[in-house]
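Tertiary structure, described
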Amino acid sequence: MSDKLTPAYDPQNIFAKILRGEIPAFKVYEDDKVFAFLDIMPRAPGHTLVIPKAPARNLLDITPDDLAAVAVVAQKVAKAGLVAFEADGVTLMQFSEPASGQEVYHLHMHIIPRVDGVPLKPAASIKEDMAVLAGHAERLKAALAA
Ligand code: 5GP
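Residues numbered from 1 in each chain as written. Predicted model: local features only at pLDDT ≥ 70, side-chain atom pairs only at ≥ 80, totals over all residues. Heavy atoms only, no water.

Of the regular secondary structure elements, the protein holds three helices and five strands. Each helix (α) and strand (β) of the protein, taken in turn from the N terminus, gives the series α-β-β-β-α-β-β-α. On C-alpha atoms alone, the protein measures out to a radius of gyration of 15 Å, which is about the 15 Å that the 2.2 N^0.38 rule sets for 146 residues. By principal-axis analysis of the C-alpha atoms, the protein measures approximately 45 × 30 × 25 Å. Among the 146 residues that make up the protein, the fraction classed as buried is 40%. Intrachain contacts of the protein at a sequence separation of at least 6 include 64% that bridge at least 24 residues. Taken as a whole, the protein presents about 7700 Å² of accessible surface, with 61% of it coming from carbon and sulfur. Charge-centre separation for the protein: the mean point of 15 positive side chains lies 1 Å from the mean point of 18 negative side chains. (Helix = DSSP H or I, 4+ residues; strand = E, 2+ residues; numbered from the N terminus. Rg over C-alpha atoms; globule rule 2.2 N^0.38 Å. Buried < 20%, exposed > 50% of the residue type's maximum accessible area, 1.4 Å probe, protein only. Contact = heavy atoms within 4.5 Å. Areas by Shrake-Rupley, 256 points an atom, 1.4 Å probe, with all protein chains shown as cover. Lys, Arg positive; Asp, Glu negative; His and termini not counted. Charge placed at Lys NZ, Arg CZ, Asp CG, Glu CD.)

Below you can see the structure in the form of structure tokens.
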């Protein structure tokens, strides 16, 4: 679905490539409508991106059904993140269009576990070590399965 407010979906965006299995990602959850994986440059341990499988550029063109499915999984991942990373809270972020700071044009919800007094790292700044991300994915998957 698109509308005059939103440019057309570009199937060559990096998250579409992850969905098609063309580039790797640390998956933490998948169902028929939603995929969730770790952000490669986490702003805190456990920083996860929840995306619809259906093509949607951002909040402005996603269908209500797909948005609802993303929201349900965002809550699951948020709760699991609190357990897996002994967090005290969670920050959710979603950017739509360049003016907001969106950089990848497939809708994604950022789910970031937060510990009291620990500030977020800057956005998209430091690529995390792959072994660290693998460990974080295992912790989140275990919490999601519990
Ligand atoms: P936004 O579009 O909301 O500004 O953020 C895009 C997010 O995608 C950033 O947090 C960035 O770290 C993350 N990101 C960019 N490229 C990749 C990638 O290839 N793999 C993963 N897992 N995350 C990415």
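So that's the structure; there's more coming.
What follows concerns the sheet that holds strand 1 (residues 27-30). The strand order across the open sheet built from five strands is 1-2-3-5-4, with neighbouring strands paired in antiparallel fashion. A strand with exactly one partner marks an edge of an open sheet, and here the two such strands are strand 1 and strand 4 (89-93). Pairs of neighbouring strands in the sheet enclose a mean axial angle of 20°, with direction left out of account. Where strand 3 (residues 48-52) lies against strand 5 (residues 109-114), three bridges are found, and the strand directions are antiparallel. Bridged to valine 50 within strand 5 is methionine 109. In this fold helix 2 (residues 64-84) packs onto strand 1, strand 2 (34-38), strand 3, strand 4 and strand 5, with an angle of close to 160° to the strand it touches most, strand 3. Along the sheet face, helix 3 (residues 130-145) touches strand 1, strand 2 and strand 3 and points at about 30° away from the line of strand 1. (Pairing = 2+ DSSP bridges. Axes fitted to C-alpha atoms, helices over the stretch in contact; angles between N-to-C directions.)

Turning to the pattern of salt bridges, a few remarks are in order. Where charged atoms from two side chains of opposite charge come close, those side chains can pair. Tallying each qualifying case throughout the model produces six salt bridges. Where arginine 57 meets glutamate 97, a salt bridge forms, and the shortest distance between an N and an O atom there is 2.7 Å. Linking arginine 57 in the loop between strand 3 and helix 2 with glutamate 97 in the loop between strand 4 and strand 5, this pair joins segments that are 40 residues apart in sequence. Neither residue differs from the other here; arginine 57 and glutamate 97 are each classed as buried. Here lysine 141 ties to glutamate 138 by a salt bridge, and the two come within 3.1 Å at their closest N and O atoms. (Salt bridge = Lys/Arg side-chain N within 4 Å of Asp/Glu carboxyl O.)

Asp39, Gly101, Glu103, His108 and His110 are the nearest of the 16 residues found near the ligand. Take isoleucine 40: an N or O atom from its main chain is 3.4 Å from a nitrogen atom of the ligand. Separating an oxygen atom of the ligand from a backbone N or O atom of glutamate 103 is a distance of 2.7 Å. The cavity where the ligand resides is the largest pocket. Put simply, the parts of the chain that give the shell around the ligand at least two residues each are helix 1 (14-19) and strand 2. The class makeup of the residues in the shell around the ligand is 10 nonpolar, four polar and two charged. (Near = heavy atom within 4 Å. Polar contact = N/O pair within 3.5 Å; in protein donor to acceptor, adjacent residues only side chain to side chain. 1 Å grid on protein atoms, 1.4 Å probe; cavity = no way out; pocket = protein on both sides within 12 Å on 5 of 7 lines; lining within 4 Å. Sits in = over half its atoms within 2 Å of the grid points. Nonpolar A, V, L, I, M, F, W, Y, C, P; charged D, E, K, R; others polar.)

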